[in-house]
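Structure at a glance
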Amino acid sequence: YENIAYERKLKVDIFLGAAGALFHGVNFEHIGVVLVTPRLKKYLNNIKAVIPAHIPMQVIEGHQYGDHEGLLDLGLELRNK
């Protein structure tokens, strides 16, 4: 993701991590968008409960999982709404 953002001259910070990180010590002040993998869809209510309401969140589809450029575009689109 960082390489794609760099090539496109975008200044973004991308955090890739386990869902547990959302519950333990993530500073939401620096998070603009949360994309949730399909495997975590069953925990969506728990995830929504810890993410501040002003931060857009979306579950991605399985076919999007490996599309780094598409996920970057999706994140930017959600952030800019």
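Here we summarise the structure given alongside this text. Just so we're clear, the structure is a prediction, and the values are computed from it rather than from any experiment.

1. Structural notes on the overall build of the chain
Broken down by element type, the chain carries four helices and two strands. Mapped from its N terminus to its C terminus, the chain presents α and β elements in the order α-α-β-α-β-α. Over its C-alpha trace the chain gives a radius of gyration of 13 Å, about what one expects of a compact globule, namely 12 Å for 81 residues. With the C-alpha coordinates aligned to their principal axes, the bounding extent of the chain is approximately 35 × 30 × 25 Å. Per-residue burial for the chain yields a buried fraction of 26% across its 81 residues. The long-range share in the chain, meaning contacts at least 24 apart out of those at least 6 apart in sequence, stands at 47%. Within the structure as shown, the chain displays about 6,000 Å² of accessible surface, and the carbon and sulfur contribution to it stands at 51%. Between the mean site of the 9 positive side-chain charges and the mean site of the 9 negative ones, the chain shows a separation of 6 Å.

2. So, helix α4 (residues 68-79)
Look at α4: 16 Å from first C-alpha to last across twelve residues, which is about the 16 Å you get at 1.5 Å a residue. Every buried residue of α4 is accounted for by Leu-71, Leu-72, Leu-74, Gly-75, Leu-76 and Leu-78. Buried positions along α4 lie against α1 (2-7), β1 (34-36) and β2 (57-59).

3. Overview of the pattern of salt bridges
Tallied over the full model, the rule gives two salt bridges. One salt bridge in this structure joins Arg-8 and Glu-69, with 3.8 Å as the shortest N-O distance. Placement of Arg-8 in the loop between α1 and α2 (20-23) and of Glu-69 in helix α4 is noted, with a sequence separation of 61 residues between them. Here Arg-8 ties to Asp-73 by a salt bridge, and the two come within 2.5 Å at their closest N and O atoms. In this pair, Arg-8 is assigned in the loop between α1 and α2 and Asp-73 in helix α4, connecting sequence segments 65 residues apart. We classify Arg-8 as partly exposed; its relative accessible area is 34%. Each of the salt bridges in this network shares a partner with another, and the network as a whole consists of Arg-8, Glu-69 and Asp-73.

Rules and cut-offs
- Residues numbered from 1 in each chain as written.
- Predicted model: local features only at pLDDT ≥ 70, side-chain atom pairs only at ≥ 80, totals over all residues.
- Heavy atoms only, no water.
- Helix = DSSP H or I, 4+ residues; strand = E, 2+ residues; numbered from the N terminus.
- Rg over C-alpha atoms; globule rule 2.2 N^0.38 Å.
- Buried < 20%, exposed > 50% of the residue type's maximum accessible area, 1.4 Å probe, protein only.
- Contact = heavy atoms within 4.5 Å.
- Areas by Shrake-Rupley, 256 points an atom, 1.4 Å probe, with all protein chains shown as cover.
- Lys, Arg positive; Asp, Glu negative; His and termini not counted.
- Charge placed at Lys NZ, Arg CZ, Asp CG, Glu CD.
- Expected span 1.5 Å × (residues − 1).
- Salt bridge = Lys/Arg side-chain N within 4 Å of Asp/Glu carboxyl O.

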